[in-house]
Amino acid sequence: MKRTLWRRVGLVVAGLVLVVVVVAAVGLSDVDVPETSRFDADLGAIRALAVSTGAPLPTGLRSQHVGRASGVPQALVVAGSGFGEVAFDFNAYQVVYADARTVLVDFVSDEETQQAQFPGSEFDAAAYSRVQEALRRADATVVTHEHFDHCAGIAHSAYLDEVASKVHLTDEQLRSPLAQEAGFTAERRARLAPLQYERLHLLRPGVVLIKAPGHTPGTQLVYVRLVDGRELLLVGDVAWRQDNIRLPRMHPRLTNWLGDEDAQAMAHQLRWLHDLLRTAPELHPVVTHDGAQLQDYQRRGLIQEGLL
Ligand SMILES: [Zn+2]
């Protein structure tokens, strides 16, 4: 009798261990990036739309580093990349024009929200104040998506009423529960007019928004064409490292599950971005959380540090 009981316990334990091993193995594997992209975006149409008004194009793209979260397991960022750790940098970007008008792209989080999500992470309060002042001066503000580290600083801004008419969150972003988590309560959302568009939208001369749901329902890419012909593409969190695009390789299924992502949609977007490295080498993808890439772009004069 006793022996039968122990045998049953042993079988149950072995079964549970097997389930854990299988879930871990599947969770750490990644959805394949397909050979051909079905992501519906035509670079020719994007480029044409960017210059369609004939108005002066932006003169530069600037960035402001505000925070950093260290100790993120590398294996959750680029599938199969080993057991190291990586840091996530938090930056705001600013498109600038010759007449001193500006467009902000992506906004960092306020300190309280960031610390709640990444306890003990670095936060530069003085830099955050500069981003808030840039928000007040901006002609327009958009975000790549509705995660807290890209928009909570708007939701919690002391200047929300003052800037509301110039903050253009999309309908999808505002309707997403993630916006609520980032601090956009019903009362705050009611102060903003949702931006509605299909596929492409010319925000300002040289700045085109490209719908790219997948990482979140409200994800969009932001294409920027400068007056000197250089092109940048802010990809939000479609990629967390330039390696996601370069290899191309997704983060693992576990990250897809935790983030409630549409992995197939993201895989097609990564293929599109990867192919552009070859077919449009003059177009530079900007991977916002990849500090090494930003330093490289700053060295090459593609992005200037500090907001106007
Ligand atoms: Zn992010």
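Quick notes on the rules
- Residues numbered from 1 in each chain as written.
- Predicted model: local features only at pLDDT ≥ 70, side-chain atom pairs only at ≥ 80, totals over all residues.
- Heavy atoms only, no water.
- 1 Å grid on protein atoms, 1.4 Å probe; cavity = no way out; pocket = protein on both sides within 12 Å on 5 of 7 lines; lining within 4 Å.
- Points joined across faces, edges and corners; volume = space filled by probe spheres on them.
- Helix = DSSP H or I, 4+ residues; strand = E, 2+ residues; numbered from the N terminus.
- Nonpolar A, V, L, I, M, F, W, Y, C, P; charged D, E, K, R; others polar.
- Pairing = 2+ DSSP bridges.
- Axes fitted to C-alpha atoms, helices over the stretch in contact; angles between N-to-C directions.
- Buried < 20%, exposed > 50% of the residue type's maximum accessible area, 1.4 Å probe, protein only.
- Arc of directions from axis to C-beta.
- Contact = heavy atoms within 4.5 Å.
- Salt bridge = Lys/Arg side-chain N within 4 Å of Asp/Glu carboxyl O.

## A word on the layout of surface pockets
Right, so step 1: One number sums up the size of the largest pocket: a volume of about 710 Å³.
Right, so step 2: Residue assignment for the lining of the largest pocket shows that the elements contributing at least two residues are strand 1 (60–73), strand 2 (85–96), helix 5 (148–155), helix 8 (177–181) and helix 11 (253–259).
Right, so step 3: Taken together, the residues of the lining of the largest pocket sort by class into 14 nonpolar, eight polar and six charged.

## Regarding the sheet that holds strand 10 (residues 283–286)
Right, so step 1: In spatial order, the strands read 6-7-8-9-10; together these five strands make up an open sheet with mixed pairing. Of all strands in the sheet, those with a lone pairing partner are strand 6 (200–204) and strand 10, marking the two edges. Between one strand axis and the next, the sheet turns through 25 degrees on average, direction left out of account.
Right, so step 2: One ladder, built from four bridges, connects strand 6 with strand 7 (residues 207–211); its direction is antiparallel. Of the residues in strand 7, the one forming a bridge with R204 is V207.

## Examining helix 2 (residues 43–50)
Right, so step 1: Within the sequence span of helix 2, burial applies to L43, I46 and A50. Projected onto a plane normal to the axis of helix 2, the buried residues spread over an arc of 60 degrees and lie on a single side.
Right, so step 2: Lining the buried residues of helix 2 we find strand 6, strand 7, strand 8 (220–225), helix 12 (263–279) and strand 10.

## Looking at empty space enclosed by the protein
Right, so step 1: This structure, assessed with the given rule, holds one cavity of 30 Å³ or more.
Right, so step 2: Lining the largest cavity are L233, L273, L276, L277, L283 and P285.
Right, so step 3: Elements with a contribution of two residues or more to the lining of the largest cavity: helix 12 and strand 10.
Right, so step 4: For the lining of the largest cavity, the element with the highest residue contribution is helix 12, accounting for three residues.

## Description of the pattern of salt bridges
Right, so step 1: All told, the structure shown has 20 salt bridges when counted by the stated rule.
Right, so step 2: Across the salt bridge formed by D99 and R101, the nearest N and O atoms sit 2.9 Å from each other.
Right, so step 3: Given the relative accessible area of 48%, D99 is considered partly exposed.
Right, so step 4: Here R271 and D275 are joined by a salt bridge, their closest N and O atoms 3.1 Å apart. You can see R271 and its partner D275 sitting in helix 12, four residues apart, about one turn around the helix.

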